[in-house]
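Notes for the structure review
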Amino acid sequence: FDAVCKGLYTADWINTNDYAARQDGFVTAYAESSPFEDFVEMISIMLTEGKSGFDNIVNSITGTSYRGTTADQAKARLRQKESIVVDYYKKAWSIDFYTLQTRVRTAIVNELY
């Protein structure tokens, strides 16, 4: 997981926003702070936004980041990290992440909307 965005993690994440972070393949600005935070931010956003919400985040990436990351590279990084998260849940916990994602998103929608 750490290698997907190697060299892009920064303590200066506070001076950016989610849009700019996504252009480098991070799901949130805070995810840029470390590989550990990146991993849990991926899980958090994937669960709370659901599959379609996460797909919308990935598909909304356009242009090239100020670091030179193209939209295709950023999208590929997020998809690679998505795959790692899903695989981790399957191997470590025998949990189908996409089923969990659907259940969590459904509960959020039912509770809040």
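Residues numbered from 1 in each chain as written. Predicted model: local features only at pLDDT ≥ 70, side-chain atom pairs only at ≥ 80, totals over all residues. Heavy atoms only, no water.

**Some words on the nonpolar core**
- Residues Met42, Ile43, Met46, Phe54, Leu78, Val85 and Phe97 are the most contacted members of the largest nonpolar core, which totals 18 residues.
- Residue assignment for this core shows that the elements contributing at least two residues are α2 (35–59) and α3 (71–93).
- At 9 residues, the largest contribution of residues to this core is made by α2.
- Apart from the residues within four sequence positions on either side, Val85 is in contact with Phe39, Met42, Ile43, Met46 and Phe97. (Core = buried A, V, L, I, M, F, W, Y, C linked by side-chain atoms within 4.5 Å. Buried < 20%, exposed > 50% of the residue type's maximum accessible area, 1.4 Å probe, protein only. Helix = DSSP H or I, 4+ residues; strand = E, 2+ residues; numbered from the N terminus. Contact = heavy atoms within 4.5 Å.)

**A word on the side chain of Lys81**
- Structurally, the position occupied by Lys81 is in helix α3.
- Here Lys81 is in contact with Phe1, Val4, Cys5, Gly25, Phe26, Asp38 and Met42, once residues within four sequence places are set aside.

**Things to note about the packing of aromatic side chains**
- Under the counting rule described, the total for this entry stands at 7 aromatic pairs.
- An angle of 75° between the planes, with centres 4.7 Å apart, marks the rings of Trp13 and Tyr30 as edge-to-face. Residue Trp13 is located in the segment before α1 (18–22), and its partner Tyr30 is located in the loop between α1 and α2; the two are separated by 17 residues in the primary sequence.
- The class for Trp13 is partly exposed, based on a relative accessible area of 24%.
- The interplanar angle of 80° and the centroid separation of 6.5 Å between the aromatic rings of Phe97 and Tyr98 together place this pair among those described as edge-to-face. (Phe/Tyr/Trp six-rings, centres within 6.5 Å; stacked < 30°, edge-to-face > 60°.)

**A look at unusual backbone geometry**
- Look at Ser94: it is not a glycine, yet its phi comes out positive at around 55°.
- Tracing the chain through its elements places Ser94 in the loop between α3 and α4 (97–112).

**Considerations on α4**
- Along its 16 residues, α4 runs 22 Å from first to last C-alpha, staying within 8% of the 22 Å computed at 1.5 Å per residue.
- Looking at α4, one finds that the buried residues are Phe97, Gln101 and Ile108. Projection of α4 onto a plane perpendicular to its axis shows the buried side chains occupying an angular sector of 40°, all on one side. The outward face of α4, more than 90 degrees from its buried face, is lined by the exposed residues Arg103 and Asn110. (Expected span 1.5 Å × (residues − 1). Arc of directions from axis to C-beta.)

**Quick notes on the environment of Gln73**
- By the secondary structure assignment, Gln73 is in helix α3.
- Distance from Gln73 to Tyr9, taken between C-alpha atoms, is 16 Å for residues 64 residues apart in sequence.
- A distance of 2.8 Å separates the side chain of Gln73 from the backbone nitrogen of Thr70, its partner in a polar contact. (Polar contact = N/O pair within 3.5 Å; in protein donor to acceptor, adjacent residues only side chain to side chain.)

**So, the packing of α3 against α4**
- Their axes nearest at 9 Å, the elements α3 and α4 cross at an angle of 100°. By the angle between their directions, the pair α3 and α4 is classed as roughly perpendicular. Mapping the contact onto sequence places Glu82, Val85, Val86 and Tyr89 in α3 and Phe97, Tyr98 and Leu100 in α4.
- By residue class, the composition of the contact of α3 with α4 is 6 nonpolar, no polar and 1 charged. (Axes fitted to C-alpha atoms, helices over the stretch in contact; angles between N-to-C directions. Parallel < 35°, antiparallel > 145°, perpendicular 65-115°, else oblique. Nonpolar A, V, L, I, M, F, W, Y, C, P; charged D, E, K, R; others polar.)

In short, shape yes, function no, at least from these values alone.
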